[in-house]
Amino acid sequence: MDCDIVCLPSYREGTSLTLIEAAAYGRAIVTSDAPGCHDFLKHNVEGLVVPAKQMEPLLEALKKLIEDPKLLKDFGRRGTMPNAPIAKMFSSANTSNSIPVRCQASLLDAPSP
């Protein structure tokens, strides 16, 4: 991934694969406070969260990261740490524990042959 900042100014989003991948690659993130965007990102810890549909805060957040290379690198590094919200959400222990539960629920809901 050849970039320093990933910006997703969405006003309506599901769980964003773009932001998950950005965090996995250690990129600083600027996103909106729309559900799905800010769910696994702490403002001023792994990136910046701005109000949806507002251009000025978005521009200020991008400017802040562009003008502060240390902060830019810190946000990217923090997103890849084991205690980061995204790492916890998608850890192998968390996903491996949820798969059997989901499979069992699907089997119980399946129609009889």
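Notes on the structure in this doc start here. (Residues numbered from 1 in each chain as written. Predicted model: local features only at pLDDT ≥ 70, side-chain atom pairs only at ≥ 80, totals over all residues. Heavy atoms only, no water.)

### A few points about the sheet that holds strand 1 (residues 5–8)
Phase 1 of the analysis: Pairing within the open sheet is parallel, and its three strands lie in the order 1-2-3. In this open sheet, the two strands that pair with only one neighbour each are strand 1 and strand 3 (47–50). With strand direction ignored, the average angle separating the axes of adjacent strands in the sheet is 10°.
Phase 2 of the analysis: Examined bridge by bridge, strand 2 (residues 28–32) and strand 3 share four bridges and lie parallel to one another. Counterpart to valine 30 in the pairing with strand 3 is leucine 48. (Pairing = 2+ DSSP bridges. Helix = DSSP H or I, 4+ residues; strand = E, 2+ residues; numbered from the N terminus. Axes fitted to C-alpha atoms, helices over the stretch in contact; angles between N-to-C directions.)

### So, a negative patch on the surface
Phase 1 of the analysis: Taken together, the side chains of Glu56, Glu60, Glu67 and Asp68 define an acidic patch exposed on the protein surface.
Phase 2 of the analysis: Here aspartate 68 shows up in the loop between helix 2 (55–67) and helix 3 (69–79). (Patch = residues over 30% accessible without salt bridge, like charges linked within 9 Å, V, L, I, M, F, W, Y side chains within 5 Å. Areas by Shrake-Rupley, 256 points an atom, 1.4 Å probe, with all protein chains shown as cover. Salt bridge = Lys/Arg side-chain N within 4 Å of Asp/Glu carboxyl O. Lys, Arg positive; Asp, Glu negative; His and termini not counted. Charge placed at Lys NZ, Arg CZ, Asp CG, Glu CD.)

### What to know about unusual backbone geometry
Both trends apply: most residues other than glycine have a negative phi, and most peptide bonds are in trans.
Phase 1 of the analysis: Phi at asparagine 44 takes a positive value of approximately 65°, unusual for a residue other than glycine.
Phase 2 of the analysis: Among the secondary structure elements, asparagine 44 is positioned in the loop between strand 2 and strand 3.
Phase 3 of the analysis: Owing to a relative accessible area of 38%, asparagine 44 belongs among the partly exposed residues under this scheme.
Phase 4 of the analysis: The backbone phi angle of lysine 53 is positive, close to 65°, even though this residue is not glycine.
Phase 5 of the analysis: Within the fold, lysine 53 resides in the loop between strand 3 and helix 2.
Phase 6 of the analysis: Among the residues examined, lysine 53 registers a relative accessible area of 69% and is labelled exposed. (Buried < 20%, exposed > 50% of the residue type's maximum accessible area, 1.4 Å probe, protein only.)

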